[in-house]
Amino acid sequence: METAARSGDVRRDPAFFGREEELLRLLKNLLEGRHTLITGDHGIGKKRLMQEARLLLSGDRARLDVPPVFPAWPRDAMLTIQCPVPRGTCLREVAEVLYRNGDLRLESADGRDDWSAVRVRFTDLGVEGMETEVIRALARSGRRYIAFVASLERLTVHCTKFLDALLHLAVVCGSATVTKDVEAFRCFWSSFERLPIGPLPADAARRMVRHLMCEYGVQAADPVMCMREILASADGSPFHIRNLVHRARTRHPLCREDIRAFRAAEEGQFFNMGPLYMICAGALAAVKFFSSGQDSREHYIYFSAAAFILYLTFRAFRGFFIFRPQRRK
């Protein structure tokens, strides 16, 4: 058991700490039929919280810190959607479960086929046809499904029809880093009860680092210093904790210089391009303003087009322009 654990990937370790209250609230919401949206930064543990709730609901896992008052939910009544886009992939994920349950009827003349054979016929229906069949199957199933939908921040207008139908036909648990505050999605977001999660509490982060270092046999010249640097660099993010322990595990033996390099490496991910964007946008706006009083319409058109392109660039890649404070050393 120990050898198998240590030969695995630290980044996929199922360690789960410090989310007891959020987990209980999520379980209660789902059992009471309330759609719930888990929000938080990248790597904070949104998908892991959904996975833990699914395992507990299905009876595949038991926890001492969760009272055994939650009834087991049938495994075949749970849908997992890794991402709402592309829509075809999302629909095929749902359709496979529905077909295995007998709710999606695409039988050939010889009777029910294996899903690998049906998948081709299902895909041939096209995205609109697949969506219609899945919605129809959910409506006539008579089964109460729970749908776990990750990465809802990537929601597009084309996905809203299916997801709106899913909200009426199943209990939805979703996760999103940000919610798009635009008119097309406001009604969709308003259907959810928000469950925000932040960085792990200090005690939970310490327990997680200690567990991973022991479980995967991290060898360091100074284990206490190694744990302290991992905690300081990760800043309560389970994703960064796993990555740092993985780095520590792959460097044998881990000297003090390697340990000190943890925080410097983590700081490299927080380069701030916000000021550069603001300077360019301000300069372009000033040039456009001063050129508006001249007779040259071409310059005004050129600068207007450049400003519009700059705005579109910022909208498309705004994740790279977010103001983020540098981590302290």
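Note that this is a predicted model, so its numbers are computed, not measured.

Asks: Mind laying out the pattern of salt bridges, listing which residues take part and the relevant values?
Replies: Summed over the entire model, instances satisfying the criterion amount to 17 salt bridges. Here Glu-131 and Arg-87 are joined by a salt bridge, their closest N and O atoms 2.9 Å apart. Of the two residues, Glu-131 is situated in helix α6 (residues 126–141) and Arg-87 in helix α4 (residues 87–100); the sequence distance between them amounts to 44 residues. Residues joined by salt bridges that share partners form a network here, namely Arg-25, Glu-32, Arg-34 and Glu-193.

Asks: Would you mind going over α4 in detail, with residue names and values included?
Replies: In this model, α4 (14 residues) spans 20 Å end to end at C-alpha, consistent with the 20 Å of a helix rising 1.5 Å per residue. Looking only at α4, the buried set comprises Arg-87, Gly-88, Cys-90, Leu-91, Arg-92, Val-94, Ala-95, Leu-98 and Tyr-99. Close packing links the buried residues of α4 with β2 (78–81), α5 (115–123), α6, β3 (145–149) and α7 (160–169). Among the residues trailing α4, Gly-102 stands out with phi positive, at a value near 85°.

Asks: Could you give an account of the sheet that holds strand β4 (residues 170–176), with specific residues and numbers?
Replies: Taken in spatial order, the five strands line up as β2-β3-β4-β1-β5 in an open sheet, and their pairing is parallel. Looking at strand neighbours, the two that pair on one side only are β2 and β5 (193–196), the edges of this open sheet. Sheet twist, expressed as the mean angle between neighbouring strand axes with direction ignored, is 15°. Note that β3 and β4 share five bridges and pair parallel. Across the sheet, Tyr-145 pairs through a bridge with Ala-170, a residue of β4. Here α4 sits on the sheet and contacts β2 and β3; the angle it forms with β2, its principal contact strand, is near 160°.

Asks: Please set out the side chain of Arg-92 residue by residue, giving values where relevant.
Replies: Looking at the element boundaries, Arg-92 is found in helix α4. Buried Arg-92, no salt bridge; nearest opposite-charge side chain is Asp-124, N-O distance 8.7 Å. If we skip the residues at most four places from it in the chain, Arg-92 touches Trp-115, Arg-119, Phe-122, Thr-123 and Met-130.

Asks: Which residues make up the environment of Leu-23, and what values go with them?
Replies: Within the secondary structure, Leu-23 sits in helix α2 (residues 20–31). In this structure, the C-alpha to C-alpha distance between Leu-23 and Leu-195, residues 172 residues apart in sequence, is 9.9 Å.

Asks: Can you lay out the nonpolar core for me, pointing to particular residues and giving the numbers?
Replies: Ranked by internal contacts, the top residues of the largest apolar core, which has 61 residues, are Leu-104, Val-134, Leu-152, Phe-162 and Leu-166. Those residues in contact with Phe-162 that lie beyond four places of it in its chain are Ile-81, Cys-90, Leu-91, Val-94, Glu-131, Val-134 and Ile-135. Of all hydrophobic cores here, the second largest spans 24 residues; its members include Leu-212, Tyr-216, Val-218 and Ile-230.

Asks: So what's going on with the packing of α4 against α6? Residues and values would help.
Replies: Look at α4 against α6: their axes get within 10 Å of each other, and the N-to-C directions meet at 35°. For α4 against α6, the interelement crossing comes out left-handed. Residues Arg-87, Gly-88, Leu-91, Arg-92, Val-94, Ala-95 and Leu-98 of α4 form the contact with α6, whose own contacting residues are Val-127, Glu-128, Met-130, Glu-131, Val-134, Ala-137 and Leu-138. Residues of the contact of α4 with α6, tallied by class, amount to nine nonpolar, one polar and four charged.

So, how was this worked out
- Residues numbered from 1 in each chain as written.
- Predicted model: local features only at pLDDT ≥ 70, side-chain atom pairs only at ≥ 80, totals over all residues.
- Heavy atoms only, no water.
- Salt bridge = Lys/Arg side-chain N within 4 Å of Asp/Glu carboxyl O.
- Helix = DSSP H or I, 4+ residues; strand = E, 2+ residues; numbered from the N terminus.
- Expected span 1.5 Å × (residues − 1).
- Buried < 20%, exposed > 50% of the residue type's maximum accessible area, 1.4 Å probe, protein only.
- Contact = heavy atoms within 4.5 Å.
- Pairing = 2+ DSSP bridges.
- Axes fitted to C-alpha atoms, helices over the stretch in contact; angles between N-to-C directions.
- Lys, Arg positive; Asp, Glu negative; His and termini not counted.
- Core = buried A, V, L, I, M, F, W, Y, C linked by side-chain atoms within 4.5 Å.
- Left-handed = near helix turned anticlockwise from the far one by under 90°.
- Nonpolar A, V, L, I, M, F, W, Y, C, P; charged D, E, K, R; others polar.

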